[in-house]
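# Fold and geometry: a report
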Amino acid sequence: MSEERVAYTGSLDMATIPEAVALVEQAARSHQEICLDLAGLAFIDSTGVRGLIVLKRKLAEDGRKLCFDGFRPEILEILDILGVRELLLGD
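We now turn to the structure provided with this report.

### Quick notes on the packing of aromatic side chains
Per the stated rule, a full pass over the model turns up 1 aromatic pair. Summarising the aromatic geometry, the rings of phenylalanine 68 and phenylalanine 71 are spaced 6.0 Å apart at their centres and angled 40° between planes, so their arrangement reads as tilted.

### Here's the deal with the layout of surface pockets
One simple way to see leftover space: roll a probe sized like a water molecule over the atoms. Here the largest pocket is characterised by a volume of approximately 160 Å³. Lining the largest pocket are 10 residues, with Lys56, Arg57, Ala60, Leu66 and Gly90 positioned closest to its centre. When residues of the lining of the largest pocket are traced back to their parent elements, those giving at least two are helix H2 (46–61) and strand E3 (65–69). With 4 residues, the single largest contributor to the lining of the largest pocket is H2. Residue classes in the lining of the largest pocket are distributed as 4 nonpolar, 1 polar and 5 charged.

### Focus: the pairing of strand E2 (residues 33–44)
Pairing geometry for strand E1 (residues 3–12) and E2, over 9 bridges, is parallel. For valine 6, the partnering residue across the bridge sits in E2 and is leucine 36. Handedness of the E1-helix H1 (residues 17–28)-E2 crossover: right-handed. As a crossover connection, the stretch from E2 through H2 into E3 is right-handed.

### Points about the sheet that holds E1
In space, the 3 strands of this open sheet follow the order E1-E2-E3, with parallel pairing throughout. The sheet terminates laterally at E1 and E3, the two strands that pair on one side only. In this sheet, neighbouring strand axes are inclined to one another by 25° on average, regardless of whether the strands run parallel or antiparallel. Of the strands in this sheet, E1, E2 and E3 are in contact with H1, which crosses E1 at around 175°.

### Brief notes about H1
With 12 residues, H1 ought to run about 16 Å at 1.5 Å a step, and its terminal C-alpha atoms sit 16 Å apart, in line with that. Packed against the buried residues of H1 are E1, E2, H2 and E3.

### Thoughts on the pattern of salt bridges
A side chain with one charge may pair with a side chain of the opposite charge, provided their charged atoms come close. Under the counting rule described, the total for this entry stands at 5 salt bridges. Here arginine 5 ties to aspartate 69 by a salt bridge, and the two come within 2.3 Å at their closest N and O atoms. With arginine 5 in strand E1 and aspartate 69 in strand E3, this residue pair connects regions lying 64 residues apart in the sequence. The class for arginine 5 is partly exposed, based on a relative accessible area of 44%. Here the salt bridges share partners, and the residues they tie into one network are Arg5, Asp37 and Asp69.

Cut-offs used in this document
Residues numbered from 1 in each chain as written. Predicted model: local features only at pLDDT ≥ 70, side-chain atom pairs only at ≥ 80, totals over all residues. Heavy atoms only, no water. Phe/Tyr/Trp six-rings, centres within 6.5 Å; stacked < 30°, edge-to-face > 60°. 1 Å grid on protein atoms, 1.4 Å probe; cavity = no way out; pocket = protein on both sides within 12 Å on 5 of 7 lines; lining within 4 Å. Points joined across faces, edges and corners; volume = space filled by probe spheres on them. Helix = DSSP H or I, 4+ residues; strand = E, 2+ residues; numbered from the N terminus. Nonpolar A, V, L, I, M, F, W, Y, C, P; charged D, E, K, R; others polar. Pairing = 2+ DSSP bridges. Right-handed = clockwise from strand over helix to strand, strands pointing away. Axes fitted to C-alpha atoms, helices over the stretch in contact; angles between N-to-C directions. Contact = heavy atoms within 4.5 Å. Expected span 1.5 Å × (residues − 1). Salt bridge = Lys/Arg side-chain N within 4 Å of Asp/Glu carboxyl O. Buried < 20%, exposed > 50% of the residue type's maximum accessible area, 1.4 Å probe, protein only.

Take a look at the structure:
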């Protein structure tokens, strides 16, 4: 099982996090490592951040790895303000 790269664009909020979770979970069915490319992510709120954290932990519990790539600077700033950048981007 190799790494699967999954791109997600648009917004991550209460309305859209289920779609992003389903996309990653589908990839996790056949891959040990998933890299979620968020270069096209224009907006994230606290629900979206929480969803990414929960998803990363859930996959880790199943022995899988979720990494993130392509965060735009303004999204990274939000992660810094919330104090979760290292949690999401660290190993």
